[in-house]
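What the coordinates show
In case you want the letters, here they are:
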Amino acid sequence: MQVNDNNDVTSDVRLSFVRSLYTKRSTLFIGMLSHVIVALVVYLNTDQLAFMFFAAGIIAIWAARMLDMNKFDKADEGEITLAETQHWERRYVIGAVSITLLLGVMTAYTFIQTTSGFAQLATVSVTFATLVAVVGRNFGSKINVDMMVLAVCIPVLIGFIASDDVFVRVLALLLLPVFLSTRSLANGVREVLYSSVMAQKQSTVLADRLDGAINNMSHGLIMIDSDKKLRVVNYKAKSMLGIPQVLELEGKPIDVVLRYVLRSGTFSEDKRETLQNDILGLISGRKSRMTLEIDTHQLFEFTARHQNDDGVVIIFQDVTNKVRSDQKILHMARYDGLTNTPNREWFRQLIHDKLLNTASKSQVGFAVFDIIDFKHVNETQGYLVGDELLKKVASRINEIAKHQGILVSRFGGDEFVALFPHHKEDVIKAHMNEMFDDICRVYEIDGMEINVSFSGGLVVRDKNDFKLEEMQVCADIAKRDARKHGNNTWSQFELAMDDKHTERQKLKTDLREALKANTLTAAYQPMFTPDGRKIVGAEALSRWNHPELGPISPGVYIPLAEEIGVVRELTQSMIRNAVQDCTTWPEHMFVSVNLSAHDLVDNHIIKVISEAIMVSGLAPERLHLEVTESAVVDEADKAAMLLREMRQMGMSIAIDDFGTGYSSLSYLDKLPLNKVKIDRSFVRDIVDDEQKLKLLRGIIHMSRELGLEIVTEGVETNEQLAVIRDNDCADIIQGFIFGMPMPKSAIRELSRKLDRSKGAAASQLKKQTK
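A few points on the structure. Note that the structure is predicted; figures quoted are calculated from it, not measured.

**So, the overall build of the chain**
A count of helices and strands for the chain gives 27 helices and 21 strands. Across the 770 residues of the chain, 46% fall into the buried class. Counted over contacts in the chain with a minimum sequence separation of 6, partners at least 24 positions apart contribute 63%. Accessible area for the chain stands at about 40400 Å²; split by element, carbon and sulfur atoms hold 54% of it.

What follows is the structure, given as structure tokens:
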């Protein structure tokens, strides 16, 4: 039966008290029977008919109460509200008070109407015995206790007072303590019962809450007692272990349950035994936490906590997704996302682990290799194609590496490295050859065939001498040497290479210092009119006089500047020196400075030129700037914009080495040019090669049609000069025929000398005409 009321605890407890009134009806029958017998015996003793009526009344009240209790039983089968509970309590009170009142009246009647000591004793005994029943049976209703005690005591009090016996009257005074003590006892019992019921109810609520919490946990929970038997298994644990919820496990030995669970899965006998031993190890306390692979798709993490009573609580959860995520994150942290090869740090750790497991006297090889002209693939086909190419190459390298037991990594860009462990030198070299033969091939990317070439370097050392940074430097040196021998080649490091590398590294450092100290100078190769009588300008050429090694060729230190990224600083130094030196020359002369691809990537070069002109005071038109097509091929539009801005500032723009590239003609239209410098390769054979002369004359004619000034470089002999003059193939001539590169002061003196010669010639001519 359920209680339906807003105050569940109060109504529930009250209903339990009322229900206690309607239970144990056999005691009511026994009481009724004893009351009737006493009434009949007293009737026989006193021969007063009233006691027969008392007996009949007792029976009638008992029958009515029994009927009422049967009605309560029917009502108790459904839901009883608090109001209905109070109604049934009142009905019980009416029946109980009726019987006690009748007994009290019978006792009073005995003392008033009879003088029989037996009758008086019998009625008093049975009546006050009923008060004991009040404490033992009717304590559940406070009003019932009060009414029943009053129903007994008031008639008896009247009977005692009305008695002729003085001593009986004195007894009347003692009825008040009887009333109070009976009432107190009943209330005490009720309070104890109420506390017990409330405690039990609270325990039930807490137990239900705990049971609900345990069964709604996101973790599986198992409690095992000291006898290794299950005490608690929540719903999640059964679900995760594939145990039917209806299967009762409490009290079952844990090893039996384990065998049942493991046999229901798809485990091999060895796997089943291993799992069982691991879990039993948790229970025994040998381990406190572990992650177990329950099947091929699930990983459970178990945690065991031992109790003071030698029991153990095991909590477990499905950590499959977490472990998989952690593994993925770890893989991302250790491997290159593009090529799926170990990154630098993980590669270092793999090398360490690999070398620990190799013999102390074994040799290891370390190789560095990269794709030749990979930048061209990115620029012509796009970076997506470049990435796909790297993936294909890495896939091929990884396949070879697995077959040969090689460790491979990508250190960035198109550079790959490989470790050849525990092999002899000849075996390492053979593996290197096999790898190169396999990866140097045509790769198909999105329907395109790309022929890929590699250059590489290899260094072989004893295992005990292996140091990654040192090995990488040596392999890089060997790779640089391999580039001298063409594509698809590799070189093995030799000590002689190290000496050259050391010298090269020192030169790099010295070059940086020289640029910081502004100790690089400029030499100037003069440019003349075709008749050789007038110098019109000079090209600034960088020179470096090393304090220890003497003059260093530009062919040596300019590539070094590109390697260490100081080409822009070199250009800036040249512009400042050239502009300042030009201010010391005659005003009709210009200075020409070369710009590289590194200078044409942003507006910084504009700022450098502007500052140099402002500081020196040189007229902008006296500064000529030369660019090669290789300097503008990467960012043609950006370079054209910068050159156009320089042209607007008043400077002349020349394309240098014209005719040597594959698309020179297109730059005549794209770039804001004033001048074309014909490459020396067209001049070298014009005396003997009629075809070269025709080609040169065609270029000259086309350039002049576009309004461009012609500078012809590389004129070294009188024969070449004569052909150029006869065919009008130059507006300006630059070459050894008129002058080698010289200091700025020599340019000034040469100009003065020419001016004096011209003046002397003019004077002589004037005298002759007179």
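**A few points about unusual backbone geometry**
A positive phi angle, near 60°, is found at Asn340, a position not held by glycine. Along the polypeptide, Asn340 turns up in the loop between helix H12 (320-334) and helix H13 (344-356). For Asp446, which is not glycine, the phi dihedral falls at a positive 50°. Mapped onto the secondary structure, Asp446 falls in the loop between strand S9 (442-445) and strand S10 (448-451).

**A look at the packing of aromatic side chains**
Going through the model one piece at a time under the given rule, you end up with 18 aromatic pairs. Plain terms: the ring middles of Phe302 and Phe316 are 5.0 Å apart, the flat faces sit at 25° to each other, and that makes the pair stacked. With Phe302 in strand S4 (residues 298-306) and Phe316 in strand S5 (residues 312-318), the pair connects residues that are 14 residues apart, well separated along the chain. Of the residues examined, Phe302 reaches a relative accessible area of 5% and is grouped as buried. According to the relative accessible area criterion, Phe316 is buried, its value standing at 0%. An aromatic cluster of at least three residues, connected via ring pairs, comprises Phe369, Phe416, Phe436 and Phe454. Sitting over the ring of Tyr92, Arg65 keeps its end group 5.0 Å from the ring centre. Lying over the aromatic face of Phe590, Lys675 brings its terminal NZ or CZ to 4.2 Å of the ring centre.

**Side note on the pattern of salt bridges**
Pairing is possible between side chains that carry opposite charge, provided their charged atoms lie close to one another. Tallying each qualifying case throughout the model produces 28 salt bridges. The salt bridge involving Glu548 is made with Lys506; its shortest N-O contact spans 3.6 Å. Of this pair, Glu548 sits in the loop between strand S14 (535-546) and strand S15 (550-552) while Lys506 is found in helix H18 (residues 495-517), placing the two residues 42 residues apart along the sequence. Look at Glu548 and you get exposed, because its relative accessible area is 62%. Residue classification places Lys506 among the partly exposed positions, given a relative accessible area of 42%. One salt bridge connects Glu713 with Lys677, and the closest N-O pair in it is separated by 3.4 Å.

**A closer look at a nonpolar patch on the surface**
Together, Phe29, Ile30, Leu33, Ile37, Val41 and Phe118 give the surface a local cluster of nonpolar side chains, amounting to about 530 Å² of exposed area. No other element matches helix H2 (residues 25-46), which puts 5 residues into the nonpolar patch. With respect to the helices and strands, the residue Phe118 is situated in helix H5 (residues 117-137). A relative accessible area of 41% means that Phe118 is categorised as partly exposed.

**What to know about the packing of helix H14 (residues 374-381) against helix H15 (residues 383-404)**
At a minimum axis distance of 6 Å, the contact between H14 and H15 shows a crossing angle of 140°. One element, H14, and the other, H15, form an angle in the oblique class. Between H14 and H15, the residues in contact are Phe374, Val377, Asn378 and Gln381 and Tyr383, Val385, Gly386, Leu389 and Leu390, respectively. Per-class residue counts for the contact of H14 with H15 are 6 nonpolar, 3 polar and no charged.

**Quick look at the pairing of strand S6 (residues 363-371)**
Among the 9 residues in S6, 8 count as buried, and that is most of the element. In the sheet, S6 pairs with strand S11 (residues 454-462) via 9 bridges, with the strands oriented antiparallel. In the strand pairing of S11, Phe369 is matched with Gly456.

Parameters at a glance
- Residues numbered from 1 in each chain as written.
- Predicted model: local features only at pLDDT ≥ 70, side-chain atom pairs only at ≥ 80, totals over all residues.
- Heavy atoms only, no water.
- Helix = DSSP H or I, 4+ residues; strand = E, 2+ residues; numbered from the N terminus.
- Buried < 20%, exposed > 50% of the residue type's maximum accessible area, 1.4 Å probe, protein only.
- Contact = heavy atoms within 4.5 Å.
- Areas by Shrake-Rupley, 256 points an atom, 1.4 Å probe, with all protein chains shown as cover.
- Phe/Tyr/Trp six-rings, centres within 6.5 Å; stacked < 30°, edge-to-face > 60°.
- Lys NZ or Arg CZ within 6 Å of the ring centre and 35° of its normal.
- Salt bridge = Lys/Arg side-chain N within 4 Å of Asp/Glu carboxyl O.
- Patch = residues over 30% accessible without salt bridge, like charges linked within 9 Å, V, L, I, M, F, W, Y side chains within 5 Å.
- Axes fitted to C-alpha atoms, helices over the stretch in contact; angles between N-to-C directions.
- Parallel < 35°, antiparallel > 145°, perpendicular 65-115°, else oblique.
- Nonpolar A, V, L, I, M, F, W, Y, C, P; charged D, E, K, R; others polar.
- Pairing = 2+ DSSP bridges.

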